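Survey of secondary and tertiary structure
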Amino acid sequence: MPLLSDFVNLLYPKLCASCEQVLLKAEKEICLVCKEKLPKTNYHLHADNEVAKTFWGRISLKAATAYLFFNKEGNVQNLLHNIKYKGAKQAAAELGYWYGSELKNAIEFEETTLIMPVPLHESKLKKRGFNQAEWFARGIAESMQLPLSTGNLVRGLASETQTKKSRFERWQNVAEVFIIKDAAAIQNNNILLVDDVITTGATLEACAQAIFAVNCSCKISVAAIAFASKN
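Residues numbered from 1 in each chain as written. Predicted model: local features only at pLDDT ≥ 70, side-chain atom pairs only at ≥ 80, totals over all residues. Heavy atoms only, no water.

1. Considerations on the packing of aromatic side chains
Scanning all chains against the criterion turns up 3 aromatic pairs. Ring plane angle 80° and centroid distance 5.6 Å describe the contact between Tyr43 and Phe69, whose orientation is recorded as edge-to-face. Of this pair, Tyr43 sits in the loop between α2 (32–37) and α3 (50–55) while Phe69 sits in strand β1 (residues 63–69), placing them 26 residues apart in sequence. For Tyr43, a relative accessible area of 11% corresponds to the buried category. When the centroid spacing of 6.3 Å and the interplanar angle of 65° are considered together, the rings of Tyr43 and Phe227 count as edge-to-face. Pair noted here: Tyr43 is in the loop between α2 and α3 and Phe227 is in strand β6 (residues 219–227), with a separation of 184 residues, a long-range link. Accessibility assignment for this pair places Tyr43 and Phe227 in one class, buried. Of the aromatic side chains, those joined through ring pairs into one cluster are Tyr43, Phe69 and Phe227. Above the plane of the ring of Trp98 lies Lys35, whose end atom (NZ or CZ) is 4.3 Å from the centre. (Phe/Tyr/Trp six-rings, centres within 6.5 Å; stacked < 30°, edge-to-face > 60°. Helix = DSSP H or I, 4+ residues; strand = E, 2+ residues; numbered from the N terminus. Buried < 20%, exposed > 50% of the residue type's maximum accessible area, 1.4 Å probe, protein only. Lys NZ or Arg CZ within 6 Å of the ring centre and 35° of its normal.)

2. Points about the side chain of His44
Structurally, His44 is set in the loop between α2 and α3. Here His44 falls in the buried class, since its relative accessible area comes to 5%. There is a polar contact of 3.5 Å between the side chain of His44 and the side chain of Tyr99. A polar contact of 3.3 Å, which involves the side chain of His44, links it to the side chain of Glu102. Excluding residues that lie within four positions of it along the chain, His44 makes contacts with Thr65, Tyr99, Glu102, Leu103, Ala106 and Phe109. (Polar contact = N/O pair within 3.5 Å; in protein donor to acceptor, adjacent residues only side chain to side chain. Contact = heavy atoms within 4.5 Å.)

3. Structural notes on the pairing of β6
Within β6, 8 of the 9 residues are buried, leaving the element largely enclosed by the surrounding structure. The pairing of strand β5 (residues 190–198) with β6 spans 8 bridges and is classified as parallel. Looking across to β6, one finds that Val194 is bridged to Ala223. For the crossover from β5 across helix α9 (residues 202–213) to β6, the handedness is right-handed. (Pairing = 2+ DSSP bridges. Right-handed = clockwise from strand over helix to strand, strands pointing away.)

4. What to know about the pattern of salt bridges
Here the idea is simple: oppositely charged side chains can pair when their charged atoms come close. This structure, assessed with the given rule, holds 7 salt bridges. Here Glu50 and Lys53 are joined by a salt bridge, their closest N and O atoms 3.4 Å apart. Of this pair, Glu50 and Lys53 both sit in helix α3, separated by 3 residues, roughly a single helical turn. For Glu50, a relative accessible area of 36% gives the class partly exposed. Note on Lys53: relative accessible area 37%, which makes it partly exposed. The partner of Glu134 in a salt bridge is Arg138, with the nearest N and O atoms 3.1 Å apart. One end of the pair is Glu134 and the other is Arg138, both in helix α7 (residues 132–144) and 4 residues apart, which spans about a single turn. Among the residues examined, Glu134 registers a relative accessible area of 18% and is labelled buried. (Salt bridge = Lys/Arg side-chain N within 4 Å of Asp/Glu carboxyl O.)

5. Quick word on the nonpolar core
The biggest cluster of nonpolar side chains holds 37 residues, and the ones touching the most others in it are Ile30, Ile83, Leu95, Ile115, Ile140 and Leu192. Listing elements by their share of this core, those giving two or more residues are β1, α4 (75–85), α5 (89–103), α7, β5 and β6. For this core, the element with the most residues is α5, which contributes 7 residues. The next biggest cluster of nonpolar side chains, apart from the first, holds 30 residues, and it includes Ile186, Leu204, Ile211 and Cys216. (Core = buried A, V, L, I, M, F, W, Y, C linked by side-chain atoms within 4.5 Å.)

As C-alpha cells, then:
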C-alpha cells in the first residue's frame, strides 16, 4: 500500500543514521551524501595495515581490517552513537553489506568461510535490545553469501566498560571471558571475527584466543566498522 507508506513516512520520516536529515525515498539508512563522505580506510587491500599492526606479536591472524576511520566528533562517531544507543541497527547491517561487497573481492578475505560477531553479555543484550557487532556481521554475511554464527562464541562474564582503560587494563578486562560452546562446529573454517570498533584490539584478541584454546584448526581474520587508533 504505497499511499499508506507515504503517509506514515510523512508523519514519521526516516532519518539518516549519520547526519540525521530526512532520507530521500531511494535512500536506505544512510543518505547518499553521508555515504560519499564516509572516511574509508581501504585496509582490506593492504596486508600490513595499521589494524593488522595492532595485533602483531599478540595473536596470529590471517588478516585484519576496519571499514572506516573513527573521527572523534565527526560523522563516524555520530553514526556509531546512533547505531549503539538509538537503535539504528539496520544502519549497521547496511554498512556491513557495503563492506562485505568489498571484502569478498579482496585477496586477504576471499577464502573466508564463516562470519562470527563479538558477542555481548546477556545482561547488556537485554538492556540494549541488540548487538551492533552482530548486525554489522549480518550485512557482511549477506553480501559475501556466507553463514553467520551467533550462538557459538559467547561472553561468560559482563566486562566493565573499556572507554577509559589503558591497553593493559583493556586486555585484563576481557581476558578469559569468551567461550566456544561447540568446537566441532567451527573446525577447519576461515573465520572472520567482527566487532564495531577496534581501539587496542583487546576484545578481538580475547575472542581469537578462545577459539584457539579449543584446539580449533581455524584461520582467523578480524574486521570492524571503525578503527580508533590510540597512537
